[in-house]
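# Survey of secondary and tertiary structure
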Amino acid sequence: MKIQLWFRVTSLLVFLQIALGGLLPFSFIIALPHIITGFIVLAFAIVALVMAQRLKPPFRPLQGLSVGLVLLIVVQIVLGFTTLSTGNQMIAWVHLLVAMAIYGMVIAGTFMSMRLDYRSKEQSVATVGPHP
């Protein structure tokens, strides 16, 4: 699979994760679906990280973003479990702010990977074209 598809699916999962997280304070759902989706998002982000690191030629902005994304998701998971165990509202707000940063990063990664795909197709057409 191509990296832009992984980032697209990951962005959809992050959006679902935020929606599930918004239902928790109002007791519409239990925490388990939010926790499971969080670990699924982490798995998809790790796959995107591995794919970004193996790009030929390397695309450094996407590689750095994918590393930051995985690290931020790990921090987010720690914050989430801390909030769940302590009920501290300040940690819950930081958890929300980190979620928005993750969402921004995954959307940026989606557009970066789409641009990378477009530019690679553009270069392959230029090299295959007629030569004078």
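Notes on the structure in this doc start here. Small disclaimer: the values here were computed from a predicted structure and weren't measured. (Residues numbered from 1 in each chain as written. Predicted model: local features only at pLDDT ≥ 70, side-chain atom pairs only at ≥ 80, totals over all residues. Heavy atoms only, no water.)

### Notes on the packing of aromatic side chains
Rules: Think of it this way: a Phe, Tyr or Trp ring, Trp meaning its six-membered ring, pairs with another when their centres are within 6.5 Å, and the plane angle makes it stacked under 30 degrees, edge-to-face over 60, tilted otherwise. Helix and strand assignments follow DSSP, with helices taken as H or I runs no shorter than four residues and strands as E runs no shorter than two, numbered in order from the N terminus. Only protein chains enter the accessibility calculation, which uses a 1.4 Å probe. A residue is then buried if its area is under 20% of the maximum for its type, exposed if over 50%, and partly exposed in between.
Under the defined criterion, the tally for this structure stands at four aromatic pairs. Between F15 and Y103 the ring centres are 6.3 Å apart and the planes differ by 45°, which places this aromatic pair in the tilted class. A residue pair is termed long-range when its members are at least 10 positions apart, and F15 in helix α1 (residues 3-23) and Y103 in helix α4 (residues 89-128) qualify at 88 residues. Residue Y103 is classed as partly exposed on the basis of its relative accessible area of 28%. Taken together, a centroid distance of 6.2 Å and an interplanar angle of 40° make the contact between F39 and F81 tilted. Of this pair, F39 sits in helix α2 (residues 31-53) while F81 sits in helix α3 (residues 60-86); the two residues are 42 residues apart in sequence, bridging distant segments of the chain. By relative accessible area, which is 39% here, F81 ends up partly exposed.

### Regarding the nonpolar core
Inclusion rule: The nonpolar core is taken to be a set of buried Ala, Val, Leu, Ile, Met, Phe, Trp, Tyr and Cys residues, with the residues joined through side-chain atoms within 4.5 Å. Residue contacts are counted whenever heavy atoms from the two residues lie within 4.5 Å of one another.
Counting residues in each nonpolar core, the largest one holds 23 residues, and the members touching the most others are F7, L62, L69, I73 and I102. At the level of secondary structure, the elements contributing two or more residues to this core comprise α1, α2, α3 and α4. Of all the elements, α3 adds the most residues to this core, at seven residues. Excluding anything up to four places from it in sequence, L69 contacts F7, A45, I102, M105 and V106.

### Some remarks on the side chain of S11
Structurally, S11 is set in helix α1. For S11, a relative accessible area of 10% gives the class buried. Among residues more than four places away in sequence, those in contact with S11 are Y103, V106, I107 and T110.

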